[in-house]
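Next come the chains, spelled out residue by residue.
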Amino acid sequence: MSYPAALHAEWIKIRSLRSLVGALLAVPLATAGLSLLICGTLGRPTPGSRDFDPVLFSYYGLNFGQLAAIVFGAIAMGGEYKNAGIRISLAAVPNRTLFYAAKLATLGGCVFAVGLVASLISFLGGQALMDQGFGVGISDPGALRAVVGCGCYLALISLLAAGVAAVLRSVTGALSVLVPLFLILPFVVGDMSQGGGAADFLPDRAGQEILLQHPAGALGPWSGTAVLVAWTALAVGAGWWALQRRDA
């Protein structure tokens, strides 16, 4: 099977499975919906706050949208191993590298597309809903970078989830690793290092640097994205190795 045909087959899988469609739609709904809600109700800095970032504030819902992206990536890859479905997929696409590349390209492209839409809605709607004088425009420093960066961030973590699911061959196993990594570990490590240090190099903290209007931490927007890319490449590479070495 050619690469375009493999891509088409993976697209059919995504649009045919309700669990995948639901997880994919949850990405923009959670990201944009919660961001607009928070900006509309709390669209001003806390009195006395000196670190209010109007660009980052537009992406309050990203912490929930990223969970949907993780679930989508884990189901898209881990679901192949349910009821030995991977055997059917590899019978249709015997070249495992081709199969893996087509799956990752399709799911990453889908998440980037919906993530970019959610990002644009979150930013434009969020800034419009903020109290007068606190919002910024798309042409202000860091704004356009954040809009595109949000879509890239969601796509990368969905690929990271797919890589972990390929290693563990289980949706549940992948989520049991990734949910603590994104929701618990950053706070534990951050508290132990007094808010910085190693926590800055975890995938979510590093990747979200691109959403800051004026990053001031150990990592900048592009170096933070590079750290997230490294995490993703490690997971995807491990998933490819597991797919190549293990029996279907």
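Computed from a predicted model, the values in this text were never measured in an experiment.

A few words now on the overall build of the chain. When helices and strands are counted, the chain shows 11 helices and 0 strands. Listed by position from the N terminus, the elements making up the chain come as α-α-α-α-α-α-α-α-α-α-α. The C-alpha atoms of the chain give a radius of gyration of 19 Å, which matches the 18 Å a tight globule of 248 residues would have. Classification of the 248 residues of the chain by burial places 48% in the buried group. Carbon and sulfur atoms provide 67% of the accessible area of the chain, an area that totals close to 11700 Å². Here the chain holds 14 positive side-chain charges and 11 negative ones, and the gap between their average locations is 15 Å.

What follows is about helix α2 (residues 18-41). Taking 1.5 Å of rise per residue, the 24 residues of α2 would be expected to cover 34 Å, and the 33 Å separating its terminal C-alpha atoms lies within 8% of that figure. Along its length, α2 reaches its greatest deviation from straightness, about 25°, at Ala26, and the proline Pro28 lies no more than four positions downstream. Taken together, the buried positions of α2 are occupied by Leu20, Ala23, Leu24, Val27, Pro28, Ala30, Thr31, Ala32, Ser35, Ile38 and Cys39. Elements that come into contact with the buried residues of α2 comprise α1 (3-16), α3 (54-57), α4 (62-78), α6 (96-129) and α7 (143-168).

To continue, consider the nonpolar core. Among the nonpolar cores identified, the biggest contains 59 residues, and Tyr59, Phe72, Met77, Leu154, Ile157 and Leu178 are the most heavily contacted of them. Of all the secondary-structure elements, those providing two or more residues to this core are α1, α2, α4, α5 (85-92), α6, α7, α8 (171-183) and α11 (221-245). The contacts of Met77, once residues within four sequence positions are left out, are Phe99, Tyr100, Lys103, Ala162, Ala165 and Ala166.

Quick look at a nonpolar patch on the surface now. Residues Phe112, Leu120, Leu124, Ile138, Leu144 and Val148 make up a contiguous nonpolar surface patch of roughly 490 Å² in combined accessible area. The greatest single-element share of the nonpolar patch, amounting to 3 residues, is contributed by α6. Within the element layout of this structure, Phe112 appears in helix α6.

Note on placement: Ser35 falls in helix α2. Those residues in contact with Ser35, other than ones at most four positions away along the chain, are Ala30, Ser58, Tyr59, Tyr60, Gly61, Leu62 and Ser122.

Looking now at unusual backbone geometry. You will see that Arg169, though not glycine, has its phi angle at about 55°, which is positive. With respect to the element layout, Arg169 can be found in the loop between α7 and α8. On the accessibility criterion, Arg169 (27% relative accessible area) is partly exposed.

A side chain with one charge may pair with a side chain of the opposite charge, provided their charged atoms come close. A complete count under the given rule lists 4 salt bridges for this structure. A salt bridge links Lys103 to Glu10, with the shortest nitrogen-to-oxygen separation between them at 2.7 Å. Of this pair, Lys103 sits in helix α6 while Glu10 sits in helix α1, placing them 93 residues apart in sequence. Note on accessibility: Lys103 and Glu10 belong to one class, buried. Taking the shortest distance from any N to any O, the salt bridge between Glu80 and Lys103 comes out at 2.9 Å. Linking Glu80 in the loop between α4 and α5 with Lys103 in helix α6, this pair joins segments that are 23 residues apart in sequence.

As a further point, take α1. Along its 14 residues, α1 runs 20 Å from first to last C-alpha, staying within 8% of the 20 Å computed at 1.5 Å per residue. Taken residue by residue, α1 has Ala6, Glu10 and Ile14 as its buried positions. In an axial view of α1, the angular spread of the buried residues amounts to 80°, which keeps them on one side of the axis. In this structure, the buried residues of α1 make contact with α2, α4 and α6.

Below, the discussion takes up the state of the cysteines. Tallied over the entire structure, the rule returns 0 disulfides. A disulfide-free cysteine, Cys39 has its sulfur positioned 12 Å from the sulfur of Cys150, the nearest such atom. Cys152 provides the cysteine sulfur closest to Cys110, a residue in no disulfide bond, and the two sulfurs are 15 Å apart.

Now for the environment of Ile210. The topology assignment puts Ile210 in the loop between α10 (203-207) and α11. You can call Ile210 buried: its relative accessible area is 6%. Considered as a pair, Ile210 and Ala165 are 45 residues apart in the sequence and their alpha carbons are 26 Å apart. If we skip the residues at most four places from it in the chain, Ile210 touches Arg145, Ala146, Gly149, Pro221, Trp222 and Thr225.

The subject of this paragraph is the environment of Thr41. Relative to the elements of secondary structure, Thr41 occurs in helix α2. Along the backbone, Thr41 and Met130 are 89 residues apart, and their C-alpha atoms lie at a distance of 8.2 Å.

Rules and cut-offs
Residues numbered from 1 in each chain as written. Predicted model: local features only at pLDDT ≥ 70, side-chain atom pairs only at ≥ 80, totals over all residues. Heavy atoms only, no water. Helix = DSSP H or I, 4+ residues; strand = E, 2+ residues; numbered from the N terminus. Rg over C-alpha atoms; globule rule 2.2 N^0.38 Å. Buried < 20%, exposed > 50% of the residue type's maximum accessible area, 1.4 Å probe, protein only. Areas by Shrake-Rupley, 256 points an atom, 1.4 Å probe, with all protein chains shown as cover. Lys, Arg positive; Asp, Glu negative; His and termini not counted. Charge placed at Lys NZ, Arg CZ, Asp CG, Glu CD. Expected span 1.5 Å × (residues − 1). Bend = angle between axes of the 7 residues up to and from the residue. Contact = heavy atoms within 4.5 Å. Core = buried A, V, L, I, M, F, W, Y, C linked by side-chain atoms within 4.5 Å. Patch = residues over 30% accessible without salt bridge, like charges linked within 9 Å, V, L, I, M, F, W, Y side chains within 5 Å. Salt bridge = Lys/Arg side-chain N within 4 Å of Asp/Glu carboxyl O. Arc of directions from axis to C-beta. Disulfide = S-S within 2.5 Å.

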